[in-house]
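# Close look at the chain arrangement
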Amino acid sequence: MMNPRYSRKRKHNDLCGQNFLKFVIYMFTFLFLLSGVAFLSTGLYIKLEKFTYINLLGSNTFPIATYLLIATGAFILLSGIVGCTGACIDNRCCLVMYAVFLLFIFLIEAISGVLAYMYDGTIREELTRSLNKSMMEKYNFDPVFTKLVDDMQIEFKCCGAAIFEDWKYSRWLKTDNETLNNTPESCCKSVSVNCAISTHPSNIQYDSCSLRLEQYTKSNLVLIGGIGLGLCCIQIFGIIFSCCLVRKIKDNMVQRHY
């Protein structure tokens, strides 16, 4: 027969272990919620402030990675509430759900980070090819695209996908017999009517727009990839602590029946 004093001591130790795991879950969830806010705010910042030239990219990888970041942030906030509730009321179902959510979030973050870094390696080739083709065919024929290109060339101080001479092969210059410009006026260092008649470096920009857009996009991809891959490892600890607490709650419930 088990010594009553030993039984009380073991019960006390089990309770201390459970309370310790609860405290760890609370602390982890607090940090987890902060990471959720970071994901959500970063994703929304990129969506609202950095999507200006997204239609000039030839791939959906960048917007997909951004939307995954936003979805992850929102899901983290929901998961944090479930985790805190489960730890507070000793609900094993909530804690198991919390662990499953963490695993799911881990996968989303990893995918988002990998997508960002994969696209980072192919963006130059893709931009040089797709941007030049779009600019040659759509400029001055698609009003929305035309404004986007003009805004980009003014903001980035660039001209042409690879070089300003690309414009002489454009559909616009080949079909417009009235224009005196050799490039769009947005290429000029001082934009004005017919300012692009001269292509002297003192008059128009010589930098490549694909290079400028690549630098612009890469800075955002590094942010997405760094957050996604950097914080996904945190979820592993949350899964372990949640499973330990579920096991501890189950053991204590069994002991109460004896």
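In what follows, the accompanying structure is described. Please read these numbers as outputs of a predicted model, since none were measured by experiment. Along each chain, numbering runs from 1 in the same order as the chain's sequence is written. Restriction of local features to residues with pLDDT of at least 70 applies here, the model being predicted, together with a cutoff of 80 or more for giving and counting side-chain atom pairs; totals for whole chains, interfaces and linings are based on all residues. Calculation of side-chain values draws on the structure's entire complement of heavy atoms; hydrogens and water are dropped beforehand.

Let us now look at unusual backbone geometry. Unlike most non-glycine residues, Asn 140 shows phi in positive territory, near 75 degrees. Structurally, the position occupied by Asn 140 is in the loop between helix 3 (92–138) and helix 4 (143–156). Residues other than glycine seldom take positive phi values, yet Lys 157 does so here, at roughly 55 degrees. Mapped onto the elements, Lys 157 comes out in the loop between helix 4 and helix 5 (171–175). Only protein chains enter the accessibility calculation, which uses a 1.4 Å probe. A residue is then buried if its area is under 20% of the maximum for its type, exposed if over 50%, and partly exposed in between. Accessibility expressed as a relative area gives 52% for Lys 157, which makes it exposed. Here a helix means four or more residues in a row that DSSP labels H or I, a strand means two or more in a row labelled E, and each is numbered from the N terminus.

A pairing counts as a salt bridge when a side-chain nitrogen of Lys or Arg comes within 4 Å of a carboxyl oxygen of Asp or Glu. Applying the stated rule across the entire model yields 2 salt bridges. Among the salt bridges present, the one from Asp 207 reaches Arg 212, with a minimum N-O distance of 2.7 Å.

This paragraph deals with the environment of Cys 93. Mapped onto the fold, Cys 93 is located in helix 3. On the basis of relative accessibility, which here comes to 53%, the residue Cys 93 falls in the exposed class. Here the alpha-carbon distance between Cys 93 and Val 246, two residues 153 residues apart in the chain, equals 8.6 Å.

Let's shift gears to helix 2 (residues 61–88). With 28 residues, helix 2 extends 40 Å between its outermost C-alpha atoms, agreeing within 8% with the 40 Å of an ideal straight helix rising 1.5 Å per residue. The first or second residue beyond helix 2 is Asp 90, which carries a positive phi of 55 degrees. By this rule, a helix spans an expected 1.5 Å times one less than how many residues it contains.

As a further point, take the packing of aromatic side chains. Stacked, tilted and edge-to-face are the three classes applied to pairs of Phe, Tyr and Trp rings, where Trp contributes its six-membered ring and a pair requires centres within 6.5 Å; stacked means planes under 30 degrees apart, edge-to-face means over 60, and tilted covers the rest. Enumeration over the complete set of coordinates arrives at 7 aromatic pairs. Any Lys NZ or Arg CZ found within 6 Å of a ring centre and within 35 degrees of that ring's normal is scored as a charge over the ring. Just above the ring of Phe 145 sits the side chain of Lys 138; from NZ or CZ to the centre is 5.5 Å. Of note, Arg 171 hangs over the ring of Phe 141, and the distance from its end group to the ring centre comes to 3.7 Å.

Right, let's get into the nonpolar core. By nonpolar core we mean a set of buried residues, namely Ala, Val, Leu, Ile, Met, Phe, Trp, Tyr and Cys, connected to one another through side-chain atoms within 4.5 Å. In this structure, Tyr 53, Leu 56, Phe 62, Met 135, Met 152, Trp 167 and Leu 213 are the most contacted members of the largest nonpolar core, which totals 51 residues. Elements represented by at least two residues in this core include exactly helix 1 (4–49), helix 2, helix 3, helix 4, helix 5 and helix 6 (209–232). Counting residues per element, this core draws most heavily on helix 3, at 11 residues. Residues within four places of Met 152 in sequence aside, it is in contact with Tyr 53, Leu 56, Met 135, Lys 157, Cys 158, Cys 209 and Leu 213. Judged by nonpolar contacts, the second largest core, of 7 residues, contains Leu 21, Ala 87, Val 246 and Ile 249. Should any heavy atoms of two residues lie within 4.5 Å, those residues are counted as being in contact.

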